[in-house]
Amino acid sequence: MVALTGSNNAPIAGARILWRGTNAEPRDAETVTGTNGQAQTTAVLFDASGGTVTALIEGSNLRAVFVLNGGVVETSNLDPDQRRNAELVDALCPAV
């Protein structure tokens, strides 16, 4: 999620946000900020190595880059036992 405000900290509604991914696919190519100045999307990682999603404000040089950490728990359709095991694997692997 990004929040866009002006110099007076007031939300900016109606701004187009362009979403781009590296080793990740944003669900939306673009979104528009709401009355609260916020826009969001979700992304799917291509693999567990992680990736980035960049939010670009159309018509400006402003951007925000989100680093996505991949892991086993990101695997779709895990049952509850598999999810618990995946969480353990993800927690232990960086410690090895």
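See the structure shown above.
Along each chain, residue indices are assigned from 1 in the same order as the chain's sequence is written. With pLDDT at 70 or above as the cut-off, local features in this predicted model cover only qualifying residues; side-chain atom pairs require 80 or more to be listed or tallied, and sums for whole chains, interfaces and linings still use all residues. Hydrogens and water are ignored here; the side-chain numbers use all heavy atoms of the structure.

**As for the pattern of salt bridges**
Put simply, the test is: The term salt bridge refers to a side-chain nitrogen of Lys or Arg lying within 4 Å of a carboxyl oxygen of Asp or Glu. Buried residues are those whose accessible area, probed at 1.4 Å on protein chains only, stays under 20% of the maximum for their type, while exposed residues exceed 50% and partly exposed ones sit between those limits. Secondary structure elements are taken from DSSP: a helix is a run of H or I of four residues or more, a strand is a run of E of two residues or more, and numbering for both begins at the N terminus.
A complete count under the given rule lists 4 salt bridges for this structure. Note that Arg27 is salt-bridged to Asp28, the shortest N-O span being 3.4 Å. On the basis of relative accessible area, Arg27 is assigned to the exposed category, the value being 61%. Residue Asp81 is joined to Arg84 by a salt bridge in which the shortest nitrogen-to-oxygen separation is 2.1 Å. Placement of both Asp81 and Arg84 in helix α1 (residues 80–92) is noted, with a separation of 3 residues, approximately one turn of the helix. A residue is classified by how much of its surface remains accessible, and Asp81, at 47% relative accessible area, is partly exposed. The network of salt bridges with common partners includes Arg16, Glu30 and Glu58.

**Structural notes on the side chain of Thr33**
Quick note on the threshold: In protein, a polar contact requires one atom able to donate a hydrogen and another able to accept it; more generally it is a pair of N or O atoms within 3.5 Å, and residues adjacent in sequence count only if both atoms are side-chain atoms. Only heavy atoms enter the contact rule, under which two residues are in contact if any of them lie within 4.5 Å.
Positionally, Thr33 belongs in the loop between β4 (30–32) and β5 (38–39). The class for Thr33 is buried, based on a relative accessible area of 5%. A polar side-chain atom of Thr33 sits 2.8 Å from the main-chain carbonyl oxygen of Ile12. Of note is the side chain of Thr33, whose polar atom sits 2.9 Å from the backbone nitrogen of Ala15. The residues contacting Thr33, other than those within four sequence positions of it, are Leu4, Ile12, Ala13, Gly14, Ala15, Ile17, Gln38 and Ala39.

**Remarks on the environment of Ala48**
When you line up the elements, Ala48 lands in the loop between β6 (43–45) and β7 (51–57). Once you skip the residues sitting within four places of it in the chain, Ala48 turns out to touch Gly70 and Gly71.

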